[in-house]
Amino acid sequence: MTSADEPAVLALNAAAVEQTDPLGPDRLDWLRLIAAHAAVVEIEDEVAAFVLTFAPGSAHDSLDFQWFNATYADRFLHLDRIVVAEAHRRTGIATSVYRAVERAAKPFDRLVARVQSDPPDIASLAFHAARGFVEVGKLTRPNHTTSAMLSKELAE
């Protein structure tokens, strides 16, 4: 992910803000700097998706990251957000990105993520369950929604 990708990433995030946290230019710049992975998926020179992950020890200040840090110490890679453009959903992009992130997470033993559970993000909950994620807790967010805290153990 580069500065040139910023408008497309911000637009994708804005379109999915009901499932993920809001994101402005300054926050995106900062997250890119501290992320373990900040990547985009391009199709025909168009940003079709993006992903941000964070490793233990990161300065990330999200409630989710803090929850996982308190729960797993240094044994996790946090998949903070992945957003796929609506026109490219159900084409295998998310599956490919998750496979790559899971490979990167093996040294940490587990990949963790949060998914909105109340009100439920049914498609995302089903996607994560199919990939082997299990719910390990709940987190009530400041906007009064509840998130399912998910973890996938990564065996050798």
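Criteria and thresholds
Residues numbered from 1 in each chain as written. Predicted model: local features only at pLDDT ≥ 70, side-chain atom pairs only at ≥ 80, totals over all residues. Heavy atoms only, no water. Helix = DSSP H or I, 4+ residues; strand = E, 2+ residues; numbered from the N terminus. Rg over C-alpha atoms; globule rule 2.2 N^0.38 Å. Buried < 20%, exposed > 50% of the residue type's maximum accessible area, 1.4 Å probe, protein only. Contact = heavy atoms within 4.5 Å. Core = buried A, V, L, I, M, F, W, Y, C linked by side-chain atoms within 4.5 Å. Arc of directions from axis to C-beta. Pairing = 2+ DSSP bridges. Axes fitted to C-alpha atoms, helices over the stretch in contact; angles between N-to-C directions. 1 Å grid on protein atoms, 1.4 Å probe; cavity = no way out; pocket = protein on both sides within 12 Å on 5 of 7 lines; lining within 4 Å. Points joined across faces, edges and corners; volume = space filled by probe spheres on them. Nonpolar A, V, L, I, M, F, W, Y, C, P; charged D, E, K, R; others polar.

Q: I would appreciate a short explanation of the overall build of the protein chain in the present structure.
A: In terms of regular secondary structure, the protein chain is built from five helices and six strands. What you see in the protein chain, going N to C, is helices and strands ordered as α-α-β-β-α-β-α-β-α-β-β. In terms of overall dimensions, the protein chain is globule-like: its C-alpha atoms have a radius of gyration of 15 Å, near the 15 Å expected for 156 residues. Per-residue burial over the protein chain gives 45% buried out of 156 residues. Contacts in the protein chain between residues at least 24 apart in sequence constitute 62% of all its contacts with a sequence separation of at least 6.

Q: Looking at this structure, how should I read the nonpolar core?
A: The tendency in soluble globular proteins is for nonpolar side chains to be buried side by side. The biggest cluster of nonpolar side chains holds 22 residues, and the ones touching the most others in it are Phe50 and Leu52. When contributions to this core are tallied by element, the ones reaching two or more residues are helix 1 (6-15), helix 2 (25-34), strand 2 (46-54) and helix 3 (63-72). The leading source of residues in this core is strand 2, at four residues. When neighbours within four sequence positions are excluded, Phe50 is seen to be in contact with Met1, Val9, Leu12, Asn13, Ala39, Val40, Arg81, Ile82 and Val83. Counting residues in hydrophobic clusters, the runner-up holds 19 residues, among them Leu77, Val84, Ala113 and Leu154.

Q: Mind showing me how you'd approach helix 1 here?
A: Think of an α-helix as 3.6 residues a turn; residues three or four steps apart then line up on the same face. The set of residues buried in helix 1 consists of Glu6, Val9, Leu10, Leu12 and Asn13. When helix 1 is viewed along its axis, its buried side chains cluster within an angular range of 160° and face the same direction. Exposed residues pointing more than 90 degrees away from the buried face of helix 1 are listed as Pro7, Ala14 and Ala15.

Q: Would you explain the sheet that holds strand 3 (residues 77-84) in this entry?
A: The strands making up a sheet associate through backbone hydrogen bonding, with each pair oriented either parallel or antiparallel. Read from one edge of the open sheet, six strands run 1-2-3-4-6-5, paired in mixed fashion. Edge positions in the open sheet fall to strand 1 (37-43) and strand 5 (134-140), since each of these has one partner strand only. Sheet twist, expressed as the mean angle between neighbouring strand axes with direction ignored, is 30°. In terms of strand pairing, strand 3 meets strand 4 (residues 110-118) through two bridges, oriented parallel. Along strand 4, the bridge assignment pairs His78 with Val112. Sheet strands touched by helix 1: strand 1, strand 2 and strand 3. Its angle to strand 2, the strand with the most contacts, is close to 80°. Seen against the sheet, helix 5 (residues 122-130) touches strand 4 and strand 6 (146-153) and runs at an angle of roughly 150° to strand 4.

Q: Please explain the layout of surface pockets as it appears in this structure.
A: A probe matching the size of a water molecule, rolled over the atoms, marks out where space remains unfilled. If you add up the space inside the largest pocket, you get close to 780 Å³. Every residue lining the largest pocket is counted, 28 residues in all, and those nearest its centre are Ile82, Arg89, Ala94, Asp121 and Ser124. The set of elements that each furnish at least two residues to the lining of the largest pocket consists of strand 3, helix 4 (93-105), strand 4 and helix 5. Broken down by class, the residue content of the lining of the largest pocket amounts to 13 nonpolar, nine polar and six charged.

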